[in-house]
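Structural features, examined
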Amino acid sequence: MGFLSRRAFATAALSTLATAGGASAAGPAGPVPGRREPRADGEMRGVWLATVSHRDWPSRTGLTAAEQRGELIAHLDRAARARLNTVVFQVRPMADALWPSPYEPWSEYLTGTQGVDPGWDPLGTAVREAHARGLELHAWFNPYRVADHADPARLAASHPARRHPDWVVTYGGKLYYDPGQPEVRAFVQRAVLDAVARYPVDAVHFDDYFYPYPVAGQTFDDDAAYDRYGGDFGSRAAWRRDNIDRLVRETAAGVKRVRPGTRFGISPFGVWRNAATDSRGSDTRAGVQTYDDLYADTRTWVRSNWIDYVVPQLYWHIGFAPADYATLVDWWAEVAEGTGTRLYLGEALYKAGAAGQPSAWQDPVELSRHLTLAARHPQVRGHVFFAAKDVAADPVGAMARVVADHYREPATPPR
């Protein structure tokens, strides 16, 4: 998601995977089982609804409030028809808001101009209309991303990044809040918890962006914050990980304090560490490792029950040598075993039938095979599909095949 979408990041990350091998056959031949009963204790069937850069919604700039609302309702209706039960709605795509926040400006993706009131309340509408259709609504926030450009003057005059330029780091031609500053961490939590206080969202959801994905030849300049706050740590990397750990723990506590019963989940990049880097890691050869590159210790979050659920983005096909879907399902199932953290799997619906994708993704059965494979692991409690536009388009019928093979009956989400 994001100004570089999940698609772009999956592509960018895998372009740096070790090149030995590439894609292999898309898993076992033959039909998948036809009918699979929903779990008695609930099954996540989710879809991400991305708003950044008009990825899924609204479809373009310039729509009226009524047209925007109509498109949003159509996405919810489509999810309900596919017997999904959860919509993960991106409500803070770029240090902005899709609700009347007292902390941040209205998102530019609503009117084309950041800070302009769209004349309606997208988050409030989404919660109400999702619940009316029996869907959960998980409010999706990006913690630290500020802008997909490097010019603070282009931000709304009221934007906190303009009032606090010392909070901001320019990196890779984009603007980010500095996770190393306690004031930033506290502000992000206030912005998120405002939405939780206002609306009966079923969960708060963070994506895979913590410290930014690496940009070759560039350094994230947090020297001032490290000099001020990093003295008790053996390395800058350890200090950065602690900054993100604090955000996760404090946000989890805040969500439970503000609206008890609301859950907190995170959807990280699918590889924590490669086994060649750490014996506890997965048998993969990923060029991005969340622990080392994003300073996100996702394994600890799960093992320590800091979060209610995790949705690793397993955006690769069965048999992909550098990052095999099957290998990563095994690894994440073992990590989640015996914890109170629910494990759902992020699925790359956007790759199904897409130009330039390998043959595995041209096969409409590939995603259905994923669900069949994952069902062998009792730790896997469901799947979330990226993303809503692709549920609608479904060019090779991959989502229709998932529904026919696995979603013949409704299912309630896990609680």
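Here the structure is a predicted model, which means the values were calculated and not measured.

So, the sheet that holds strand β11 (residues 380-385)
Pairing within the closed barrel is parallel, and its eight strands lie in the order β1-β2-β3-β7-β8-β9-β10-β11. Here strand β10 (residues 342-347) pairs with β11 via four bridges, running parallel. Bridge pairing links Leu-343 to Val-380 in β11. Relative to the sheet, helix α11 (residues 325-336) contacts β9 (309-310), β10 and β11, its axis offset from that of β10 by approximately 160°.

Quick word on the environment of Ala-323
Checked against the element boundaries, Ala-323 lands in the loop between β9 and α11. Expressed as a C-alpha distance, the spacing of Ala-323 and Gly-270, which sit 53 residues apart in the sequence, is 8.9 Å. Look past the residues within four positions of Ala-323 in its chain and what remains in contact with it is Thr-284, Trp-316, His-317 and Leu-328.

Concerning the packing of aromatic side chains
Following the criterion strictly, the structure yields 26 aromatic pairs and no others. Lying over the aromatic face of Tyr-209, Arg-145 brings its terminal NZ or CZ to 4.7 Å of the ring centre.

Some words on the nonpolar core
Core analysis: the largest hydrophobic core is formed by 123 residues, its most contacted members being Phe-89, Leu-123 and Tyr-177. The biggest single contributor to this core is α11, with eight residues.

Details of the side chain of Arg-55
Mapping Arg-55 onto the fold places it in the loop between β1 (44-49) and α2 (65-81). Residue Arg-55 is classed as buried on the basis of its relative accessible area, which comes to 8%. At 2.8 Å, the side chain of Arg-55 and the side chain of Asp-390 are in polar contact.

What to know about the confidence of the model for the protein chain
Across the protein chain, pLDDT averages 92, with 91% of residues at or above 70. Below a pLDDT of 50 lies the segment residues 1-34, which in the model reaches 88 contacts outside its immediate sequence neighbourhood of four places, other chains included.

Some points on the environment of Pro-122
As for its position among the elements, Pro-122 is in helix α4 (residues 122-132). Residue Pro-122 is classed as buried on the basis of its relative accessible area of 0%. Residues Pro-122 and Phe-89 lie 33 residues apart in sequence; the distance between their C-alpha atoms is 9.9 Å. In this view, Pro-122 contacts Trp-57, Leu-72, Phe-89, Leu-98, Trp-106 and Leu-110; residues no more than four positions away in its chain are not counted.

Focus on the sheet that holds strand β5 (residues 168-171)
Overall, antiparallel pairing links the three strands, which are arranged β4-β6-β5 in an open sheet. The outermost strands of the open sheet, each flanked by one partner alone, are β4 (145-147) and β5. With strand direction ignored, the average angle separating the axes of adjacent strands in the sheet is 35°. Pairing of β4 with strand β6 (residues 174-177) involves two bridges; the strand directions are antiparallel. Bridged to Arg-145 within β6 is Tyr-176.

Quick look at the pattern of salt bridges
One pass over the full model with this rule turns up 23 salt bridges. Between Asp-194 and Arg-198 there is a salt bridge, with its nearest N and O atoms 2.9 Å apart. Placement of the pair is Asp-194 and Arg-198 together in helix α6 (residues 182-198), with a separation of four residues, close to one helical turn. A relative accessible area of 12% places Asp-194 in the buried class.

Notes on unusual backbone geometry
Between Trp-57 and Pro-58 the backbone carries a cis peptide bond, its omega angle lying at -20°. Summarising the element assignment, Pro-58 is placed in the loop between β1 and α2. Of the consecutive residues Phe-386 and Ala-387, the connecting peptide bond is found in the cis state with omega at 5°. Relative to the elements of secondary structure, Ala-387 occurs in the loop between β11 and α13 (388-393).

Here's the deal with the pairing of β1
When you tally the buried positions in β1, you get six out of six residues, the bulk of the element. The two faces of β1 match: Met-44, Gly-46 and Trp-48 on one face and Arg-45, Val-47 and Leu-49 on the other face are all buried. Relative to β11, β1 is paired through four bridges, and the arrangement is parallel. Residue Arg-45 lies in a different strand from β11, and its bridge partner there is His-383.

Some points on the packing of α6 against helix α8 (residues 236-258)
The contact between α6 and α8 brings their axes to 10 Å, and the two run at 30°. By the angle between their directions, the pair α6 and α8 is classed as roughly parallel. Between α6 and α8 lies a crossing whose hand is right-handed. On α8, the residues that touch Arg-185, Val-188, Gln-189, Leu-193, Val-196 and Ala-197 of α6 are Asn-243, Arg-246, Leu-247, Glu-250, Thr-251, Gly-254, Val-255, Arg-257 and Val-258. Residues belonging to the contact of α6 with α8 are distributed by class as follows: seven nonpolar, four polar and four charged.

A closer look at the packing of helix α12 (residues 366-374) against helix α14 (residues 398-406)
One way to put it is that α12 packs onto α14 with a least axis distance of 7 Å and a crossing angle of 35°. When you trace α12 past α14, the crossing you get is right-handed. For the pair α12 and α14, contact is made by Leu-367, Ser-368, Leu-371 and Thr-372 and by Ala-398, Arg-401, Val-402, Asp-405 and His-406, respectively.

The rules we used
Residues numbered from 1 in each chain as written. Predicted model: local features only at pLDDT ≥ 70, side-chain atom pairs only at ≥ 80, totals over all residues. Heavy atoms only, no water. Pairing = 2+ DSSP bridges. Helix = DSSP H or I, 4+ residues; strand = E, 2+ residues; numbered from the N terminus. Contact = heavy atoms within 4.5 Å. Axes fitted to C-alpha atoms, helices over the stretch in contact; angles between N-to-C directions. Phe/Tyr/Trp six-rings, centres within 6.5 Å; stacked < 30°, edge-to-face > 60°. Lys NZ or Arg CZ within 6 Å of the ring centre and 35° of its normal. Core = buried A, V, L, I, M, F, W, Y, C linked by side-chain atoms within 4.5 Å. Buried < 20%, exposed > 50% of the residue type's maximum accessible area, 1.4 Å probe, protein only. Polar contact = N/O pair within 3.5 Å; in protein donor to acceptor, adjacent residues only side chain to side chain. pLDDT = per-residue confidence, 0-100. Salt bridge = Lys/Arg side-chain N within 4 Å of Asp/Glu carboxyl O. Parallel < 35°, antiparallel > 145°, perpendicular 65-115°, else oblique. Left-handed = near helix turned anticlockwise from the far one by under 90°. Nonpolar A, V, L, I, M, F, W, Y, C, P; charged D, E, K, R; others polar.

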